[in-house]
Amino acid sequence: MLLSLEDVALIRQCDTAFVSSYHASDNAATSHRVDISHRGGERGFIRVVDETTLAWPEYAGNNMYMTLGNLQATPHAGLLLFDFDDQQRTLQLTGTVRLGFASEARASRKKSPLHDMDHNGDRFVIFTLSAPPKRTSPNSLPYQFAYVGDSPYNPSLKGFQGVSNVATPLS
């Protein structure tokens, strides 16, 4: 159930991910409504904390907080990452999440997983694998991607670039 070196390399170069979440409800008409939302930023916005844990900043989006609400109520999620470079492959992760706040970490004198990252916000998500990663083989997808460059609207990751963030076995 651990991330491989290949998985870590893909995660570190990703600038796009899709998070799936749902809200379990007692109401049969609304129970288990699934939401899939885009998350993005500069390459490396998803931090590999250790062999089973990832963290990423939660930026302000459309201010509807559907994903955050779902994750708070039902802390199970899926994460789909794409290799837009030349491999044409995906990494699918299943796990549990915990929402964190940098201000709370500072107040308790603890470091958040993103303590050295100026991510223009307070919220972050900590994702822990609960199932083995699923990978598609290179060039097995029926569609092709092309990396066209970074968006000028990506939030800055000052203080994060060049920081090694994985323990020795994966470095």
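Keep in mind that this is a model prediction, so the values were computed, not measured. (Residues numbered from 1 in each chain as written. Predicted model: local features only at pLDDT ≥ 70, side-chain atom pairs only at ≥ 80, totals over all residues. Heavy atoms only, no water.)

A. Quick look at the overall build of the protein chain. If you tally the helices and strands in the protein chain, you get three helices and eight strands. Reading the protein chain from its N end, one meets helices and strands in the order α-β-β-β-β-α-β-β-α-β-β. Counting the 171 residues in the protein chain, one finds 41% classified as buried. Of the contacts made within the protein chain by residues no fewer than 6 positions apart, 74% connect residues no fewer than 24 positions apart. Here the protein chain has roughly 9400 Å² of accessible surface; of this, 53% comes from carbon and sulfur atoms. (Helix = DSSP H or I, 4+ residues; strand = E, 2+ residues; numbered from the N terminus. Buried < 20%, exposed > 50% of the residue type's maximum accessible area, 1.4 Å probe, protein only. Contact = heavy atoms within 4.5 Å. Areas by Shrake-Rupley, 256 points an atom, 1.4 Å probe, with all protein chains shown as cover.)

B. Spotlight on helix H2 (residues 66–73). Where H2 is concerned, the buried positions are Thr67, Leu68, Asn70 and Leu71. Viewed end-on, H2 has its buried residues packed into an arc of 160°, placing them on one side of the element. Those residues of H2 that are buried are in contact with strand E1 (16–23), strand E2 (33–40), strand E5 (76–82), strand E6 (90–101) and strand E7 (123–129). (Arc of directions from axis to C-beta.)

C. Layout of the pattern of salt bridges. Summed over all chains, the structure comprises four salt bridges. Here Glu6 and Arg89 are joined by a salt bridge, their closest N and O atoms 3.0 Å apart. Taken as a pair, Glu6 in helix H1 (residues 5–13) and Arg89 in the loop between E5 and E6 lie far apart in primary sequence, 83 residues in all. Measuring nitrogen to oxygen at the nearest pair gives 2.9 Å for the salt bridge that ties Glu58 to Arg39. Residue Glu58 is found in the loop between strand E4 (53–57) and H2, and its partner Arg39 is found in strand E2; the two are separated by 19 residues along the sequence. Among the residues examined, Arg39 registers a relative accessible area of 15% and is labelled buried. (Salt bridge = Lys/Arg side-chain N within 4 Å of Asp/Glu carboxyl O.)

D. The packing of aromatic side chains, seen in detail. Tallying each qualifying case throughout the model produces two aromatic pairs. Where Phe18 meets Phe82, the ring centres are 6.0 Å apart and the plane angle is 85°; that geometry is what we call edge-to-face. Of this pair, Phe18 sits in strand E1 while Phe82 is found in strand E5, placing the two residues 64 residues apart along the sequence. Take Phe18: its relative accessible area is 30%, and that puts it in the partly exposed class. Where Trp56 meets Phe127, the ring centres are 6.1 Å apart and the plane angle is 40°; that geometry is what we call tilted. Placement of the pair is Trp56 in strand E4 and Phe127 in strand E7, with a sequence separation of 71 residues. (Phe/Tyr/Trp six-rings, centres within 6.5 Å; stacked < 30°, edge-to-face > 60°.)

E. Looking closely at the environment of His23. Counting through the fold element by element, His23 comes out in strand E1. Overall, the relative accessible area of 34% leaves His23 in the partly exposed class. Considering only alpha carbons, one finds His23 and His76, 53 residues apart in sequence, at a separation of 9.3 Å.

F. Representation of the nonpolar core in the model. By size, the foremost hydrophobic cluster in this structure holds 24 residues, and its most contacted members are Leu54, Leu79, Leu81, Leu93 and Phe127. Elements supplying a minimum of two residues to this core: H1, E1, E4, H2, E5, E6 and E7. With residues up to four places along the chain from it excluded, the contact list for Leu81 reads Leu10, Ile11, Cys14, Thr16, Ala17, Ile46, Arg89, Thr90, Leu91 and Leu93. (Core = buried A, V, L, I, M, F, W, Y, C linked by side-chain atoms within 4.5 Å.)

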